[in-house]
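# A structural walkthrough
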Amino acid sequence: MLKKDKNIRVFHAGMNYVYDYQKFKNDYPDQFIDAGIAEEIAIIEAAAAANAGKTVYFTVASSFFQRCYDQIVHDLIRNNSNVKLIVIRGMVTDIGDSHHGIYDLNMYNSFENVKIFMPITVGDMENSLKEAAEYKGPVVIRLDGDLDTVEAMTSKETK
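Calculation criteria
Residues numbered from 1 in each chain as written. Predicted model: local features only at pLDDT ≥ 70, side-chain atom pairs only at ≥ 80, totals over all residues. Heavy atoms only, no water. Helix = DSSP H or I, 4+ residues; strand = E, 2+ residues; numbered from the N terminus. Buried < 20%, exposed > 50% of the residue type's maximum accessible area, 1.4 Å probe, protein only. Contact = heavy atoms within 4.5 Å. Areas by Shrake-Rupley, 256 points an atom, 1.4 Å probe, with all protein chains shown as cover. Pairing = 2+ DSSP bridges.

### Some thoughts on the overall build of the protein
Each helix and strand in the protein was counted, giving seven helices and six strands. When the helices and strands of the protein are read in sequence order from the N terminus, they spell out β-α-β-α-β-α-α-β-α-β-α-β-α. Taking all 159 residues of the protein together, the buried fraction comes to 50%. Look at the contacts in the protein between residues 6 or more apart in sequence, and 69% of them connect residues 24 or more apart. Entry remark: accessible area of the protein is about 7,700 Å², with carbon and sulfur atoms responsible for 49%.

### Let's talk about the environment of Val73
Along the chain, Val73 falls in helix H4 (residues 69-77). By relative accessible area, Val73 is classed as buried at 12%. For Val73 and Met107, which are 34 residues apart along the polypeptide, the C-alpha to C-alpha distance reads 8.8 Å. The residues touching Val73, leaving out its near neighbours within four places in the chain, are Arg78 and Phe111.

### Quick notes on the pairing of strand E3 (residues 55-61)
In terms of burial, E3 is a largely internal element, seven of the seven residues being buried. What you see with E3 is no split at all: Thr55, Tyr57, Thr59 and Ala61 on one side and Val56, Phe58 and Val60 on the other are buried throughout. Relative to E3, strand E1 (residues 8-12) is paired through five bridges, and the arrangement is parallel. Note on E3: the bridge partner recorded for Ile8 is Thr55. The sheet contact formed by E3 and strand E4 (residues 83-88) spans six bridges and is parallel. Pairing of Val56 across the sheet is with Val83, part of E4.

Listed below in structure tokens is the structure:
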């Protein structure tokens, strides 16, 4: 998918090593944007890139994603920005209360223009990415755990 479409941009908010994005970042340096640990800024940048015609994917942990509610509403949802949000760790975690990823679903479940996917296997993830690519508007691909999104995005089936 990424090799064919140079218009794709993948945004991430820090933690490249935690999610093993180093190879991806090295293979696609012009298509990978790391905003650092600034999720709110990353959402604004992702929306701006989508509004400029880029195909945008944004990956972040659920508990950090919840910090971006205003940006999600005003920069993504109200503008119907074509951003594909990949939300990782949408679950109760053993890290502590501040890292529970259980509140994000309610944030975007109330908006009619958001398409939501909740894949549980790599195959489901690949199908979700295919459908998301066809939908013009905000998409949420919500994962309970840590699915290897890089593997799914670069697999042979999605190219």
